[in-house]
Amino acid sequence: MKKSNIFKVMLLAGGLYCFSGCSEFLERQPDTIMTDDQIFGDEVMIRSVLANYYGRVSWGQHISNDYAYTILDEAGKSDGGPDNIQGYANDLWRVYDYTLIRNINQFLKGLRETTVLAEEDKQVYEGEARFLRAWTYFNMARGLGGMPIVGDEVFDYESGMDITALQYPRSTEAGIYDYIIEECEAIVPLLSDETNTHAARANKWVALMLKARAAIYAGSLANYNNKMASPITTPGGEVGIPADRAAGYYEQALAAAKDVIDNSPYELQLNKPDDLERNFYEALSVKDNNKEVIWAHDRIYPGSGQQTPFTTRNIPGSHAEDIDRAYAGPILNLVEDFEYVDNRNGDIRIRDNQGNYIFYDDPLDAFANKDARLGGTVILPNATFKGTPVILQAGQKVWNNGAWQTITSGGDEMDDAGRLITAANGPNRSSEPYVNKTGFFFRKFLDETPLASTRGRNSEMWFPRFRFAEAVLIAAEAAMELGQQPVAVGYINQVRARAGIQPLTSVTVDDIIQERRVEFAFENHRYWDLKRFRRAHIVWNGVVNSPTAQQYALFPYLVVAPGTPNDGKYVFDRLVFSGSLHPRFFELRNYYNFIDLGWRNANPKIVLNPFQ
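What counts, and where the lines are drawn
- Residues numbered from 1 in each chain as written.
- Predicted model: local features only at pLDDT ≥ 70, side-chain atom pairs only at ≥ 80, totals over all residues.
- Heavy atoms only, no water.
- Buried < 20%, exposed > 50% of the residue type's maximum accessible area, 1.4 Å probe, protein only.
- Helix = DSSP H or I, 4+ residues; strand = E, 2+ residues; numbered from the N terminus.
- 1 Å grid on protein atoms, 1.4 Å probe; cavity = no way out; pocket = protein on both sides within 12 Å on 5 of 7 lines; lining within 4 Å.
- Points joined across faces, edges and corners; volume = space filled by probe spheres on them.
- Nonpolar A, V, L, I, M, F, W, Y, C, P; charged D, E, K, R; others polar.
- Contact = heavy atoms within 4.5 Å.
- Pairing = 2+ DSSP bridges.
- Axes fitted to C-alpha atoms, helices over the stretch in contact; angles between N-to-C directions.
- Salt bridge = Lys/Arg side-chain N within 4 Å of Asp/Glu carboxyl O.

Draft legend 1. Main features of helix α14 (residues 509–519). The element α14 is extensively covered by neighbouring structure, given that 10 of its 11 residues are classed as buried. Of all the residues in α14, the buried ones are Val509, Asp511, Ile512, Ile513, Gln514, Glu515, Arg516, Arg517, Val518 and Glu519.

Dropping the structure here:
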């Protein structure tokens, strides 16, 4: 075995024997350079290298980067002054990691040659490594389109060699999705069909989920890009999938999703049918005995650098255990996309037809009979967290000489009658940092574990990448696109039934977009969904006061109207979110990341993307 290649891995002092069941080591960071012979002559070291690769594949939105949620239509920042986002960067969530692909190819070469592993173990590790490589290509493809596919090649440059041999052209956009799908099909027989602790490792079902997701992406790109007035393409097909490929991709997506639905050990978790809000929170945020999550980025406490500060930074101030709090909060745009049980229009009922306030005995009453996923995703005004209410009150509405007067104060101040004016949690419209500005807090992925919101500990909350509900909604989407309405209806209603909302009798693409919006909030789907359906430039149109591009907040107020039946009740104002200066503006150029000119200089065969 050649010693010219080197690996950088961590020497782990014990604990790696639990690779098959535990996920702790998947978070280990490399710090030691070793030769091929040292790595592939030792089973523990082989596992260490693979663990390192698992730690290098987190891209897009995730809970270790709170700010990622505030640049779309999901959340707004509360950590001080307003943001200045006017558009989307040309490299937003761009992935171009041929270093990782080369490392994986090195690993595969050494793995196939080693004699220290049983063939069964070699197959499993090969399947996992090839899955991580396919996952890397997928993350490149959804941002950049077709990119060079190097197969199993490990390029070693030697002085004087013809460098053009190392320069691969970009694949077509269809070609890169075909490659990902084919790789998933090839590794399914290599991988275990059993679950593993905290869904930390790829198994057969994870590979099938990537196949289903890649196929549904490719199908929607072939379909909806070609329905644009001016489809976004390049002459060589590096961007743009022919419309006649759509049906084939939808068939592949449906078959893969159906395999997961019918044959996997996962399910739509329903452990608390009498409390659907809590059920949804636990299905996403509680790791132990979880039946929903298929693959996740897991974290373990204790362990240096392994935890996430998401809970520390975003916990309500009233519940904080350290100096950090309220970094960001969900915005009204998201909250209103959750339907009512009996009404698909989810707008919060704030005023009646005559423009008068609607009064509520409790702020939480305004959200009664909403989709249960809302309460499992967002902490609403006066909802409980860790057993006590989260008070959100922007001020008082005082009835004065026939008109409403708005009174605000510093946090937790009382009026002369001993009534709260403005809660310490907010919301407010000031530039004061770490006080809520949106009217809502995160619940999904907020850790309830004691001390999980302290800097010294932080949270071991995982981040799901694939879960069973996605298989169901991919099946619904693919069936709908293939004209199989009864099948699509059956699948989408499974997800809606768990949310406690009315069943549908037919399914449209708008239904799919809506369902994915509320089911997968904060799970790194929204941005990519609107791109693949070619809706992003319509939703985030840059228009001031647009109902979809402008960010909105909801402020609750205590009513002070002595002698009237409404005294002591609550009303709401719908306000433009003060933490955002501009409506979100997605331009046509944003559908594909720009090619870095440095890549082009190193490889002239890489053609540029549209609008460059």
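Draft legend 2. Layout of empty space enclosed by the protein. In this structure the tally under the stated criterion is six cavities of 30 Å³ or more. A volume near 130 Å³ is recorded for the largest cavity. As for the largest cavity, its lining consists of 14 residues, of which Trp59, Trp135, Phe463, Arg465 and Asn524 are closest to the centre. Elements supplying a minimum of two residues to the lining of the largest cavity: α4 (119–144) and β12 (463–467). Here the lining of the largest cavity is built from residues that sort into five nonpolar, five polar and four charged.

Draft legend 3. How the structure looks around the environment of leucine 276. Here leucine 276 is to be found in helix α8 (residues 276–285). Excluding residues within four positions of it along the chain, leucine 276 makes contact with Leu270, Ala372, Ala497, Arg498, Ala499 and Gly500.

Draft legend 4. Structural view of the sheet that holds strand β9 (residues 395–400). Ordered in space as β10-β9-β13-β14, the four strands form an open sheet in which the pairing is mixed. The open sheet is flanked by β10 (403–407) and β14 (570–576), the only strands paired with a single partner. Here the strands of the sheet are splayed against their neighbours by 35 degrees on average, with no regard to which way each runs. Where β9 and β10 come together, five bridges link them in antiparallel fashion.

Draft legend 5. Quick look at the pattern of salt bridges. Under the definition given, this model contains 53 salt bridges. With a closest N to O distance of 3.7 Å, aspartate 596 and arginine 94 form a salt bridge. In this pair, aspartate 596 sits in the loop between β14 and α17 (597–602) while arginine 94 sits in the loop between β3 (75–77) and α3 (98–113), placing the two residues 502 residues apart along the sequence. Overall, the relative accessible area of 30% leaves aspartate 596 in the partly exposed class. Its salt-bridge partner being glutamate 113, residue lysine 109 comes within 3.0 Å of it at the nearest N-O pair. Of the two residues, lysine 109 and glutamate 113 both sit in helix α3, four residues apart, roughly one turn of that helix.

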